[in-house]
Number of protein chains: 2
Amino acid sequence: MTGAPVGTQDFSPAFRDELTRLMRWRRDVRHFRDAPVDEALLTRCLDAFRLAPSVGLSEPWRILRLDSASARQAARDNFETANARALTGYQGEKAALYPRLKLSGMDRAPVQLAVFCDETTEQGSGLGAASMPEMRRYSVVSAISMFWLAARAEGLGVGWVSVLDPDQLMRDLAVPAGWSLVAYLCVGWPETLRDTPELQEIGWERRAPELHIEGR
Amino acid sequence: MTGAPVGTQDFSPAFRDELTRLMRWRRDVRHFRDAPVDEALLTRCLDAFRLAPSVGLSEPWRILRLDSASARQAARDNFETANARALTGYQGEKAALYPRLKLSGMDRAPVQLAVFCDETTEQGSGLGAASMPEMRRYSVVSAISMFWLAARAEGLGVGWVSVLDPDQLMRDLAVPAGWSLVAYLCVGWPETLRDTPELQEIGWERRAPELHIEGR
């Protein structure tokens, strides 16, 4: 490729094809098998957080792992309430379809993680976040994206639950002051593998035909 | 691996090693060479947006490509002003170090993209965003993360500039109502390849020794 730097850190066309295949088969998973996830494997996937970009190298991600019955029940109740409320926002065809969607794998996922942003971290000394403080939360999202790919490369499925009341969840989990909820992640072995979003398969929505790019 | 589903969509240990290497060598790049970026190559990298997860399959990402001298100058002026303002927030050692950091590749990057979230999109019918509307912006961040990896796999560098006044930039670029700025990306061929964050090399900050995980 013209202009490409010559170096030892090049990647092969075969790797790029596999990377595309990984992105294509990385799905939001809500249907999990009961099989447990090996701890060493989970740790290896979570290591991807530590390779993620973060504003000012602030690494503001904080993870709570929900293993107790009480913490999991609180999260599940939270979802059920938010999901019932969301349903009231739909009419007609969408109102009929919504209850048939499975929007959370919290019933079976063996590993459940609540991922937060520490808005008050001193790491990074605020670099890059003065004019856009939301960059800290965006850094956490980037790290989750890395983890998602690493998990899928191991065959694990990840589902991101957003039908939740964040404030309620943070109270229930006694989250330290200054943290904000970014994601609730369900992790486990998927029941099925897909390359098409479940929401598309079930007829809720389909991908746009093309990427929206305008010039300026 | 115990519990791993048997299927044709498995990935090899060799691929996983390469994926880790990709994440390790994906850096925030601020030093670019003048060499242009082939359009077909850029398009291929941008295709990664279309494989990204998005809440409710809403695909809320919108991209403006800044090619005109006036648009680029407005963005660069915006950065210079925000950067000068950010400097006033530091004292002592950090105040001495800050001016030596190069926080933007806007001076030379051949491709410059402003990436927005369409907060008003009807695609996805609001699914998953009722209780956490920020999920739309997080979806845009996920897509940028996919693009970043795809670009690096081709040898391209990406730099995310956040030292900006988003409202000013949106006015200058005549951004449609309902869009919000998520990222300003500089894209091009990097001057050097690194596996260590530039902020660490220059002594601004270093990575935390371990990932923060607590139980609940």
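So, here's what we can say about the structure. (Residues numbered from 1 in each chain as written. Chains lettered and ligands numbered in written order. Predicted model: local features only at pLDDT ≥ 70, side-chain atom pairs only at ≥ 80, totals over all residues.)

### Regarding the pairing of strand β1 (residues 61–65) of chain A
Residues and elements named next belong to chain A. Inclusion rule: With C-beta atoms placed from the backbone, a residue counts as buried when 20 or more other C-beta atoms lie within 10 Å of its own, as exposed when 12 or fewer do, and as partly exposed for counts between those limits. A run of H or I in DSSP counts as a helix once it spans at least four residues, and a run of E counts as a strand once it spans at least two, with each numbered from the N terminus. A pair of strands is labelled paired if DSSP reports no fewer than 2 bridges between them.
Of all five residues in β1, four are buried; the element is thus mostly enclosed. Bridge count between β1 and strand β2 (residues 111–118): five bridges; the pairing is antiparallel. Looking across to β2, one finds that Arg65 is bridged to Leu113.

### What about the sheet that holds strand β4 (residues 179–188) of chain B?
To keep things clear, this is the line we draw: Structural elements are reduced to axes, namely lines fitted to C-alpha atoms, with helices fitted over the stretch in contact, and the angle between N-to-C directions of any two is expressed from 0 to 180 degrees. Here contacts are defined at the residue level, using C-beta atoms placed from the backbone and a cut-off of 7 Å between them.
Across the sheet, which stays open at both edges, the five strands sit in the order β5(A)-β1(B)-β2(B)-β4(B)-β3(B) with mixed pairing between neighbours. Each edge of the open sheet is held by one strand with a lone partner, namely β5 (213–215) of chain A together with β3 (157–161) of chain B. In this sheet, neighbouring strand axes are inclined to one another by 30 degrees on average, regardless of whether the strands run parallel or antiparallel. Bridge count for strand β2 (residues 111–118) of chain B against β4(B) is eight bridges, and the pairing is antiparallel. The partner of Gln112(B) across the bridge, within β4(B), is Cys186(B). Along the sheet, helix α5 (residues 135–153) of chain B contacts β1 (61–65), β2, β3 and β4 of chain B; its crossing angle with β4(B), the most-contacted strand, is approximately 5 degrees.

### Notes on the nonpolar core
In a soluble, globular protein the nonpolar side chains are often hidden away together inside. This is how the line gets drawn: Think of a nonpolar core as buried Ala, Val, Leu, Ile, Met, Phe, Trp, Tyr and Cys residues chained together by C-beta atoms that fall within 7 Å.
Counting 134 residues, the largest nonpolar core has Val115(A), Phe147(A), Val115(B) and Phe147(B) as its most contacted members. Val115(A) has contacts with Trp61(A), Ile63(A), Val140(A), Ile144(A), Val182(A), Ala183(A) and Leu185(A), leaving out every residue within four places of it along the chain.

### Digging into the sheet that holds strand β5 (residues 213–215) of chain B
Judged by pairing direction, the sheet is mixed, and its five strands sit side by side in the order β3(A)-β4(A)-β2(A)-β1(A)-β5(B) without closing on themselves. Each edge of the open sheet is held by one strand with a lone partner, namely β3 (157–161) of chain A together with β5 of chain B. Going from strand to strand, the sheet's axes swing by 30 degrees on average, the running direction of each strand aside.

### Considering helix α1 (residues 13–25) of chain B
Basically, it comes down to this: Every helix has an expected span of 1.5 Å times one less than the residues it contains. Think of it as the arc spanned by the lines of direction from the helix axis to the C-beta atoms.
Between its terminal C-alpha atoms α1(B) stretches 18 Å, which fits the 18 Å expected from 13 residues at 1.5 Å a residue. Among all positions of α1(B), only Glu18(B), Leu19(B), Leu22(B) and Met23(B) are buried. Buried positions in α1(B), seen along its axis, are confined to an arc of 140 degrees and lie on one side of it. Set apart from the buried face of α1(B) by more than 90 degrees, the exposed residues are Pro13(B), Ala14(B) and Asp17(B). In this structure, the buried residues of α1(B) make contact with α1 (13–25) and α5 (135–153) of chain A together with α5 of chain B.

### What to know about the relation of the copies chain A and chain B
For clarity, the cut-off: The copies were overlaid with a least-squares fit restricted to C-alpha atoms from residues scoring a pLDDT of at least 70 in each copy.
Structural alignment of chain A on chain B gives an RMSD of 0.0 Å, achieved by rotating through 180 degrees and translating 0.0 Å along the axis. Such values leave the two copies arranged in the relation of a two-fold axis. Taken as a fraction of all interface residues of chain A, those also at the interface in chain B reach 99%, which identifies the copy contact as same-surface.

### Overview of the environment of Leu41(B)
Relative to the helices and strands, Leu41(B) is located in helix α2 (residues 39–46). Placed 41 residues apart in sequence, Leu41(B) and Ala82(B) show a C-alpha to C-alpha distance of 32 Å.

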